[in-house]
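Spelled out, the chains give:
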Amino acid sequence: MTHDEFYARSRSILRSMETVIDGKRSAVEMALTVLLAEGHLLIEDVPGVGKTMLARALARSVDCSVSRIQFTPDLLPADITGVSVYNQSDRQFEFKPGPVFANIVIGDEINRASPKTQSALLESMEERQVTVDGRTYALATPFVVVATQNPIEMEGTYPLPEAQRDRFMARISMGYPDSAAELEMLRSRDASSPLDSLAPVVSGTELAAMIATVRGVFASRAVEQYAVAIAQATRTDRDLRLGASPRATLQLVRAAKARAALDGREFVLPDDIDALAVPVLGHRLIPARRVSGGLGGATVAEIIGRVVADTPVPLSSAGPA
């Protein structure tokens, strides 16, 4: 796929999603960035701001298999991965795939399930496979988990463990709409949901070609060193107890390639790394002390901003010669 074709199809997906999500262009673009970078997206915010709507709009704009899992305290790991059932006619156990066997898996309120159930996604999110009863089953390609989460202070939730947060490429928040967008929402959704009329604008084959185009975006050695320098700086920062993992560095560069392609470029700039540092690294870092406005502690986003500002920008970071 040429970059012009990529740009045209990506604009079609964005326009399709924006017919459902009003006034949240940055969240829509970030969701598409993660999809094209073959990552997983965590949408964290208070109830009722459109987290699940964003996930469903992304899934419906692309012609591929989609499943939805409503996470509840009584959900079991087998409800996600699948289970082996004894077939009396064949006298053999037959595997019944769970909802994780889809291209796009929407996990609604993921932190309402127990840690044991949450861990059922660890293998699938990292290795794109599921192991049940000693047998391993490959998942579909592409495979993307779009999970929503309420803040951990909400009643009846379980905080995601560090290992699972690290498997999400990016975390975003929807935020409340402005008054104009909320007013338009009241008028346009009085009789029906805009999701009802949403149809795929990109086929599964075209999506695979778009992902291949993103893989081919050029990232210079200097840009890669810049991403590594930022990640290493978080590991020694005085305000952080846990810094960015090597997986975070890899996913930062992958997301930067997708962002460059969405901007119509065939190469990554340091600006791409800077723009994605907070959504890609923020949920992986743990501050050295609990953030409290009364104690004057900096937020994780502010710490990342300082680390990025203190990291020298490479001079020779242009595209390929």
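In case you missed it, the structure is sitting above this.
Residues numbered from 1 in each chain as written. Predicted model: local features only at pLDDT ≥ 70, side-chain atom pairs only at ≥ 80, totals over all residues. Heavy atoms only, no water.

Trainee: Let's hear about the overall build of the chain: which residues, and what values?
Mentor: Assigned secondary structure in the chain consists of 13 helices and 13 strands. Relative to all contacts within the chain whose residues are 6 or more apart in sequence, the contacts with residues 24 or more apart total 77%. A total accessible area of about 15,500 Å² is found for the chain, and carbon and sulfur atoms account for 51% of it. Computed over 34 positive and 39 negative side-chain charges, the separation of the two mean positions in the chain equals 3 Å. (Helix = DSSP H or I, 4+ residues; strand = E, 2+ residues; numbered from the N terminus. Contact = heavy atoms within 4.5 Å. Areas by Shrake-Rupley, 256 points an atom, 1.4 Å probe, with all protein chains shown as cover. Lys, Arg positive; Asp, Glu negative; His and termini not counted. Charge placed at Lys NZ, Arg CZ, Asp CG, Glu CD.)

Trainee: Tell me about the pattern of salt bridges, and please be specific about residues and values.
Mentor: Two side chains with opposite charge may pair up if their charged atoms get near one another. What the rule picks out here adds up to 17 salt bridges. The salt bridge partner of Glu18 is Arg25, with a shortest N-O separation of 3.3 Å. Among the residues examined, Glu18 registers a relative accessible area of 25% and is labelled partly exposed. Residues Arg284 and Asp166 are paired through a salt bridge, measuring 2.7 Å at the closest nitrogen-oxygen approach. With Arg284 in the loop between α12 (270-281) and β13 (286-287) and Asp166 in the loop between α7 (162-165) and β10 (170-172), this pair connects stretches of sequence that are 118 residues apart. Residue Arg284 is classed as buried on the basis of its relative accessible area of 4%. (Salt bridge = Lys/Arg side-chain N within 4 Å of Asp/Glu carboxyl O. Buried < 20%, exposed > 50% of the residue type's maximum accessible area, 1.4 Å probe, protein only.)

Trainee: Help me get a handle on the sheet that holds β10, residues and values and all.
Mentor: Across the sheet, five strands lie side by side as β3-β6-β9-β1-β10; this open sheet has parallel pairing. Two strands close off the open sheet at either side, each with one partner strand: β3 (66-70) and β10. Strand-to-strand twist across the sheet, computed as the mean angle between neighbouring axes with direction ignored, equals 15 degrees. Of the strands in this sheet, β1 (41-44), β3, β6 (104-108), β9 (144-149) and β10 are in contact with helix α3 (residues 51-60), which crosses β6 at around 170 degrees. (Pairing = 2+ DSSP bridges. Axes fitted to C-alpha atoms, helices over the stretch in contact; angles between N-to-C directions.)

Trainee: Mind laying out the nonpolar core, listing which residues take part and the relevant values?
Mentor: Counting residues in each nonpolar core, the largest one holds 70 residues, and the members touching the most others are Met17, Leu36, Leu41, Leu54, Val146, Ile273 and Leu281. The leading source of residues in this core is helix α11 (residues 246-262), at nine residues. Those residues in contact with Leu281, other than ones at most four positions away along the chain, are Ile230, Ala244, Ala248, Leu276 and Ile304. With 23 residues, the next largest nonpolar core counts Ala102, Ile110, Val130 and Leu160 among its residues. (Core = buried A, V, L, I, M, F, W, Y, C linked by side-chain atoms within 4.5 Å.)

Trainee: Just give me the short version of the packing of helix α2 (residues 25-36) against α11, but keep the residues and values in it.
Mentor: Look at α2 against α11: their axes get within 8 Å of each other, and the N-to-C directions meet at 120 degrees. Note on packing geometry: the crossing formed by α2 with α11 is right-handed. Facing Glu29, Leu32, Thr33 and Leu36 of α2, the residues of α11 in contact are Ala255, Ala258, Arg259 and Leu262. (Left-handed = near helix turned anticlockwise from the far one by under 90°.)

Trainee: With reference to specific residues and values, describe the environment of Val146.
Mentor: You can see Val146 is positioned in strand β9. Val146 sits in the buried class, given a relative accessible area of 1%. Taking the C-alpha atoms as reference points, Val146 and Val34, 112 residues apart in sequence, are found 9.4 Å from one another.

Trainee: Requested: an account of unusual backbone geometry, with residues and values cited.
Mentor: Of note, the amide linkage connecting Thr141 to Pro142 takes the cis form, showing an omega dihedral of -5 degrees. Tracing the backbone through its elements, the reader meets Pro142 in the loop between β8 (135-138) and β9. Phi angles above zero are rare outside glycine, and Glu38 is one such case at about 60 degrees. Within the element layout of this structure, Glu38 appears in the loop between α2 and β1. Residue class for Glu38 comes out partly exposed when judged on its relative accessible area of 25%. Not every positive phi belongs to a glycine, and Glu109 is a case in point at roughly 55 degrees. Looking at the element boundaries, Glu109 is found in the loop between β6 and α5 (115-118). Classification of Glu109 by relative accessible area gives partly exposed; the value is 21%.

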